[in-house]
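The primary structure of each chain is shown beneath.
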Amino acid sequence: MKELKRIKGFGKDTLKDIIINLIRTSTICGDAFAEIIRDKAGRMTNLIIRNPASIEIQCNSKGIITGYQQIGYKTGKNGEQEKVNIGDPWKPEEIFHLCWNRIADEPHGISTIQKIESIILKKKEAEEVKEGLSEFEEEGCNAIQAKMNYLERKINQSIKKLRLNIKKQFLFFDYPNS
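Everything in this summary refers to the structure shown in the same document. (Residues numbered from 1 in each chain as written. Predicted model: local features only at pLDDT ≥ 70, side-chain atom pairs only at ≥ 80, totals over all residues. Heavy atoms only, no water.)

Some remarks on the overall build of the protein
Here's step 1: From N to C terminus, the protein includes 5 helices and 6 strands.
Here's step 2: The burial tally for the protein puts 26% of its 178 residues in the buried class.
Here's step 3: Sequence-distant contacts in the protein: of pairs separated by 6 or more residues, those separated by 24 or more amount to 47%. (Helix = DSSP H or I, 4+ residues; strand = E, 2+ residues; numbered from the N terminus. Buried < 20%, exposed > 50% of the residue type's maximum accessible area, 1.4 Å probe, protein only. Contact = heavy atoms within 4.5 Å.)

Have a look at this one:
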């Protein structure tokens, strides 16, 4: 346990802070990455969280992760953005990688935001249609209003179910005390 106390992330984190940050990041982005720092004896001494937008997962032809590379972008001679590698690539055992909502053989997770995006867009579309139909409502078009109310209820029910599923997933994760 004493060894875990020295894990400080960027200096002021606790192990619990790091784990919660990784879970939050994987939920929002689909993936979360932390570089595993080891001493000369091979013992883990720290975890440094890395921005998932800057990490590229490298896989072989069978889909097995062979490494990770941090990338950035610079403006090329033609004015377009060019991808550049930052530092040396990491071996799979040098990165702690969390995937959220991973499907089948994909090496990446799927963001919760991405999963519910279509529901959000449908709700927004329904609200826009509802606003556009307000002039018909004045003329006694109760059938349209009833249909809109029904659609709105269905969308809200779907969002509630999704929120419940997300909460259930978090209940099964045991946060360590640090």
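Looking at the side chain of threonine 112
Here's step 1: One can find threonine 112 in helix H3 (residues 112–132).
Here's step 2: Using a relative accessible area of 11% as the deciding quantity, one classes threonine 112 as buried.
Here's step 3: Setting aside residues no more than four positions away along its own chain, threonine 112 makes contact with Thr27, Trp100, Asn101 and Ile166.

Thoughts on the nonpolar core
Here's step 1: Ranked by size, the top nonpolar core spans 11 residues in total: Ile7, Leu15, Ile18, Ile19, Leu22, Ile23, Ala32, Ala34, Ile36, Leu47 and Ile49.
Here's step 2: Secondary-structure elements contributing two or more residues to this core are helix H2 (15–29), strand S1 (31–38) and strand S2 (44–50).
Here's step 3: A per-element tally of this core places H2 first, with 5 residues.
Here's step 4: With 6 residues, the next largest nonpolar core counts Phe33, Ile57, Tyr68 and Trp90 among its residues. (Core = buried A, V, L, I, M, F, W, Y, C linked by side-chain atoms within 4.5 Å.)

Focus: the pattern of salt bridges
Here's step 1: With the rule as written, the count across this model stands at 4 salt bridges.
Here's step 2: For lysine 83, the salt bridge goes to glutamate 56, with nearest N and O atoms at 2.5 Å. Taken together, the positions of lysine 83 in strand S5 (residues 81–90) and glutamate 56 in strand S3 (residues 55–59) put the pair 27 residues apart, joining distant regions of the chain.
Here's step 3: Look at lysine 83 and you get partly exposed, because its relative accessible area is 45%.
Here's step 4: The exposure class of glutamate 56 is partly exposed, given its relative accessible area of 27%. (Salt bridge = Lys/Arg side-chain N within 4 Å of Asp/Glu carboxyl O.)

Structural notes on unusual backbone geometry
Here's step 1: Of note in the backbone geometry, asparagine 101 takes a positive phi value of approximately 60° without being a glycine.
Here's step 2: Inspection of the secondary structure puts asparagine 101 in the loop between strand S6 (95–99) and H3.
Here's step 3: One non-glycine residue, alanine 104, lies in positive phi territory at about 50°.
Here's step 4: Among the structural elements, alanine 104 can be located in the loop between S6 and H3.

Points about H2
Here's step 1: Its 15 residues give H2 an end-to-end C-alpha distance of 21 Å, which sits within 8% of 21 Å, the value for a rise of 1.5 Å per residue.
Here's step 2: The set of residues buried in H2 consists of Leu15, Ile18, Ile19, Leu22, Ile23, Thr25, Ser26 and Thr27.
Here's step 3: Where H2 ends, the next residue or the one after it, glycine 30, has phi of about 100°, a positive value. (Expected span 1.5 Å × (residues − 1).)

Section: the sheet that holds S2
Here's step 1: Ordered by their spatial adjacency, 3 strands build an open sheet running S2-S1-S6, and the pairing between neighbours is antiparallel. Each having just a single partner strand, S2 and S6 make up the two edges of the open sheet. Geometrically, the sheet is characterised by an average inter-axis angle of 25° between neighbouring strands, direction not taken into account.
Here's step 2: Running over the sheet, H2 touches S1, S2 and S6 and is turned about 145° from S1. (Pairing = 2+ DSSP bridges. Axes fitted to C-alpha atoms, helices over the stretch in contact; angles between N-to-C directions.)

Section: the sheet that holds S3
Here's step 1: On the basis of which strands lie adjacent, the open sheet formed by 3 strands has the order S3-S4-S5 and antiparallel pairing. Of all strands in the sheet, those bounded by a partner on one side alone are S3 and S5. Averaged over all pairs of adjacent strands, the angle between strand axes in this sheet comes to 40°, irrespective of strand direction.
Here's step 2: Relative to S5, strand S4 (residues 65–75) runs antiparallel, the two sharing 7 bridges. Each residue of the ladder has a partner; that of tyrosine 68, found in S5, is tryptophan 90.

A word on the packing of aromatic side chains
Here's step 1: Enumeration according to the criterion identifies 1 aromatic pair in this entry.
Here's step 2: Ring geometry for phenylalanine 33 against tyrosine 68: centres 5.6 Å apart, planes inclined by 70°, an arrangement best described as edge-to-face. Of this pair, phenylalanine 33 sits in strand S1 while tyrosine 68 sits in strand S4, and the two are 35 residues apart along the sequence. Here phenylalanine 33 and tyrosine 68 have matching classes, each one buried. (Phe/Tyr/Trp six-rings, centres within 6.5 Å; stacked < 30°, edge-to-face > 60°.)

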